[in-house]
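Geometric and topological summary
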Amino acid sequence: MRHLGRFTKTPYLVLFVLLAAAGVGTATALTTITFEGLAVFKENVQMDKDLNVDGDLRGKTINAINDEMTSLQLLTFFTDVVVLNHFDDDISVLLGNGDGTFTAQPDVAVGDGSRSVAIGKLNNDGDQDVVVVNENDDDISVLLGNGGGTFTAQPDVAVGNAPRSVAIGKLNNDGDQDVVVANSVDNDISVLLGNGDGTFARTDVAVGNGPFSVAIGDLNNDGDQDVVVANFSDDDISVLLGNGDGTFTAQPDVAVGTIPVSVAIGKLNNDGDQDVVVVNFSDDDISVLLGNGDGTFVRTDVVVGDRPVSVAIGDLNNDGDQDVVVANFNDDDISVLLGNGDGTFARADIVVGNGPVSVAIGDLNSPL
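Residues numbered from 1 in each chain as written. Predicted model: local features only at pLDDT ≥ 70, side-chain atom pairs only at ≥ 80, totals over all residues. Heavy atoms only, no water.

Of the regular secondary structure elements, the protein holds 2 helices and 30 strands. Looking at the protein residue by residue over its 368 residues, the buried ones come to 51%. Considering only residue pairs separated by 6 or more positions, the protein has 43% of its internal contacts joining residues 24 or more positions apart. Carbon and sulfur atoms make up 48% of the accessible area of the protein, which amounts to about 15800 Å² in all. (Helix = DSSP H or I, 4+ residues; strand = E, 2+ residues; numbered from the N terminus. Buried < 20%, exposed > 50% of the residue type's maximum accessible area, 1.4 Å probe, protein only. Contact = heavy atoms within 4.5 Å. Areas by Shrake-Rupley, 256 points an atom, 1.4 Å probe, with all protein chains shown as cover.)

Next comes the structure, spelled out in structure tokens:
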């Protein structure tokens, strides 16, 4: 399994802005912030939040700042890859060189029976961190990034029995990233609310039978993150609408195909609502669940290859429409489903290696 992130120190951006404030007057401010800080700054302006002065942003529009940030990110950021090695119980860290090549770092040990990996910022130091699910240890390994492609291992965090999947998001609106783990034997998920220092407070939430994959997204457009779980044994998904405090309101389970093993969230029909894609292992198809914006869905099944096992969503042909990629274990290929912007797709299969089990999407050769 591969996930994409950036593990070296975040570059800084020097930004001139004009601030006018009651009692302060007009002044030119030289502000040095990270790109993440710029995103927060931008969000605060858009939402009319306190900027430590009571004035308006002048001299640069929000769109101009956004365009500048995007272009500078393309010029500055490289993408790195984390590979989870199940039989070695470690991860391989490959630092991107910006041209599609990588520099390998020393492998980093994790727990026994590692099954799933996710990347996020767990201790608010600006560096990317890694979480790994260890099925045989019933816990997760938390690796806090040092900013140079190395990590400091934290004490393992206990979760439920036979965890299979992990996702990272902000579930209680405190600004800290949280972790959700699907526990396949306990028929629940462990919700680990982050304390902002790489430690967590755990609560378990019941879902369906054999939870196998988990994803996080805002399904009902209330600004709170929600959770979707693919239930291997029930042939359905559990939809948990977040209340904004780390608790959830369970919706009726949504039927999908036979033996759902992977789930992803994205926007597939350009109506502004988040949609869900579920891989059905025994049916050789995916269930495309177009969201209605309230946590309910309209389902269509789309044929893919033999024994699909993993799904990812992203824009592959730069047309603004989200596309879907599915790894087909028995066919030794991937199904590339180019989105038409209405929840339908045009399919082409591409041969890969033997027994593909996971797929991810990212930009691996951004220009220098």
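This is not the end of the story, as more comes after the structure.
The next subject is the sheet that holds strand β29 (residues 333-339). Overall, antiparallel pairing links the 4 strands, which are arranged β27-β28-β29-β30 in an open sheet. The open sheet is flanked by β27 (308-314) and β30 (345-351), the only strands paired with a single partner. This sheet shows a mean twist of 20° between the axes of neighbouring strands, independent of strand direction. Here 7 bridges tie β29 to β30, and the two strands are oriented antiparallel to one another. When the sheet's bridge partners are listed, Leu-338 is paired in β30 with Ala-346. (Pairing = 2+ DSSP bridges. Axes fitted to C-alpha atoms, helices over the stretch in contact; angles between N-to-C directions.)

This paragraph deals with the nonpolar core. The biggest cluster of nonpolar side chains holds 16 residues, and the ones touching the most others in it are Leu-268, Ile-286 and Val-324. Where this core is concerned, the elements lending two or more residues are β23 (260-266), β24 (275-280), β25 (285-291), β27 and β28 (323-328). Setting aside residues no more than four positions away along its own chain, Val-324 makes contact with Leu-268, Val-277, Ile-286, Val-311, Ala-312, Ile-313, Ser-335, Val-336, Leu-337 and Phe-345. (Core = buried A, V, L, I, M, F, W, Y, C linked by side-chain atoms within 4.5 Å.)

The side chains of a regular strand alternate, first on one face of the sheet and then on the other. The buried fraction of β27 is high, at 7 of 7 residues. Where β27 lies against β28, 6 bridges are found, and the strand directions are antiparallel. In the sheet register, Ile-313 faces β28, and the bridge partner there is Val-324.

Right, let's get into the sheet that holds β24. Taken in spatial order, the 4 strands make up an open sheet running β23-β24-β25-β26, and their pairing is antiparallel. Edge positions in the open sheet fall to β23 and β26 (297-303), since each of these has one partner strand only. Direction aside, neighbouring strands of the sheet carry axes that sit 20° apart on average. Bridge count for β24 against β25 is 5 bridges, and the pairing is antiparallel. If you follow Val-276 over to β25, its bridge partner there is Leu-289.

Taken as a whole and assessed by the stated rule, the structure comprises 7 salt bridges. For the salt bridge of Asp-284 with Arg-307, the shortest nitrogen-to-oxygen distance reads 3.4 Å. Linking Asp-284 in the loop between β24 and β25 with Arg-307 in the loop between β26 and β27, this pair joins segments that are 23 residues apart in sequence. Using a relative accessible area of 26% as the deciding quantity, one classes Arg-307 as partly exposed. The network of salt bridges with common partners includes Arg-115, Glu-135 and Arg-164. (Salt bridge = Lys/Arg side-chain N within 4 Å of Asp/Glu carboxyl O.)

Along the polypeptide, Val-131 turns up in strand β10 (residues 129-134). Spatially, the C-alpha atoms of Val-131 and Val-142 are 4.8 Å apart, while their sequence positions differ by 11 residues. Setting aside its immediate chain neighbours within four residues, Val-131 contacts Ser-116, Val-117, Ala-118, Leu-122, Ile-140, Ser-141, Val-166, Ile-168 and Val-179.

Let's shift gears to the pairing of β23. Of all the 7 residues making up β23, 7 are buried; the element is thus mostly covered by neighbouring parts of the structure. In this sheet, β24 lies alongside β23 in antiparallel orientation, the contact comprising 6 bridges. Paired with Ser-262 across the two strands is Val-279, which belongs to β24.

As a further point, take the side chain of Asp-224. For Asp-224, the position within the fold is in the loop between β18 (211-217) and β19 (226-231). Of note is the side chain of Asp-224, whose polar atom sits 2.8 Å from the side chain of Asn-173. For Asp-224, the contacting residues outside a window of four places in its chain are Asn-173, Asp-218, Gly-242, Asn-243 and Gly-244. (Polar contact = N/O pair within 3.5 Å; in protein donor to acceptor, adjacent residues only side chain to side chain.)

This part is about the confidence of the model for the protein. In the predicted model, the protein carries a mean pLDDT of 84, and 78% of its residues have values of at least 70. Here residues 10-58 is a poorly scored stretch, pLDDT under 50, and it has 82 contacts once near neighbours within four places are set aside; other chains count. (pLDDT = per-residue confidence, 0-100.)

Let's shift gears to the environment of Asp-319. Relative to the elements of secondary structure, Asp-319 occurs in the loop between β27 and β28. When the C-alpha positions of Asp-319 and Leu-338 are compared, they lie 9.7 Å apart, and in sequence the two are 19 residues distant. Here Asp-321 takes part through its backbone nitrogen, which lies 2.9 Å from a polar atom of the side chain of Asp-319.

Here the focus is a nonpolar patch on the surface. Taken together, the side chains of Leu-316, Leu-338 and Ile-361 make up a nonpolar region of the molecular surface, amounting to roughly 200 Å² of accessible area. A relative accessible area of 31% places Ile-361 in the partly exposed class. (Patch = residues over 30% accessible without salt bridge, like charges linked within 9 Å, V, L, I, M, F, W, Y side chains within 5 Å.)

A few words on unusual backbone geometry. A positive phi angle, close to 55°, is found at Ala-162, a residue other than glycine. Looking at Ala-162, the relative accessible area reads 12%, which means it is buried. With phi around 60°, Ile-259 is a residue other than glycine that occupies positive phi space. As for its position among the elements, Ile-259 is in the loop between β22 (254-255) and β23.

Mapping Gly-120 onto the fold places it in strand β9 (residues 114-120). Taking relative accessible area as the criterion, Gly-120 reaches 4% and is therefore assigned buried. Put simply, Gly-120 and Val-131 are 11 residues apart on the chain and 8.1 Å apart in space, counted from C-alpha to C-alpha.

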